[in-house]
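The chain contents come next:
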Amino acid sequence: VAQAEVLNIEATENAATANEAIAAEGVQVIGGQGAVTVQGAAGKVITVANVLGQTIANQVAASDNVTIAVPAGIVVVAVEGEATKVVVK
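Residues numbered from 1 in each chain as written. Predicted model: local features only at pLDDT ≥ 70, side-chain atom pairs only at ≥ 80, totals over all residues. Heavy atoms only, no water.

## Quick notes on the nonpolar core
Consideration 1: Of all hydrophobic cores here, the largest spans 15 residues; its most connected members are Val36, Val38, Ile46, Val48, Ile68, Val75 and Val77.
Consideration 2: Aside from chain neighbours lying at most four places away, what touches Val36 is Val29, Ile30, Val66, Thr67, Ile68, Val70, Val75, Val77 and Val88. (Core = buried A, V, L, I, M, F, W, Y, C linked by side-chain atoms within 4.5 Å. Buried < 20%, exposed > 50% of the residue type's maximum accessible area, 1.4 Å probe, protein only. Contact = heavy atoms within 4.5 Å.)

## So, the pairing of strand β6 (residues 73-79)
Consideration 1: With five bridges connecting them, strand β3 (residues 45-50) and β6 associate as antiparallel partners. Note on β6: the bridge partner recorded for Ile46 is Val79.
Consideration 2: Two successive antiparallel strands, β6 and strand β7 (residues 82-88), enclose a turn made up of two residues, where Glu80 displays a positive phi of approximately 55°. (Pairing = 2+ DSSP bridges. Helix = DSSP H or I, 4+ residues; strand = E, 2+ residues; numbered from the N terminus.)

## Notes on the sheet that holds strand β2 (residues 35-39)
Consideration 1: The three strands are arranged β1-β2-β5 in an open sheet whose pairing can be described as antiparallel. With partners counted over all chains shown, the strands left at the sheet margins are β1 (28-31) and β5 (65-69), one partner each. The mean angle between the axes of side-by-side strands here comes to 20°, regardless of whether they run parallel or antiparallel.
Consideration 2: Relative to β2, β1 is paired through four bridges, and the arrangement is antiparallel. Among the inter-strand pairings, Gly31 is bridged to a residue of β2, identified as Val36. (Axes fitted to C-alpha atoms, helices over the stretch in contact; angles between N-to-C directions.)

See the structure below:
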């Protein structure tokens, strides 16, 4: 009891902070069986490269759900310059 913190709570006229809307923007990159799926990248440039830096695919996403066939292994998927490593089985 001697070490307890005392909290004094007073009423104010300030309104509580709230989010009107949450922007859930973002691109998801999913590695699969012989392919990479990129979601939420419509109209953006997608570049897929292997660990040696060799470009495997380079295309503009036509929709929000794009599947690109790639060889098995670790690949780097860059969407508008933002890169993600993915394991493809």
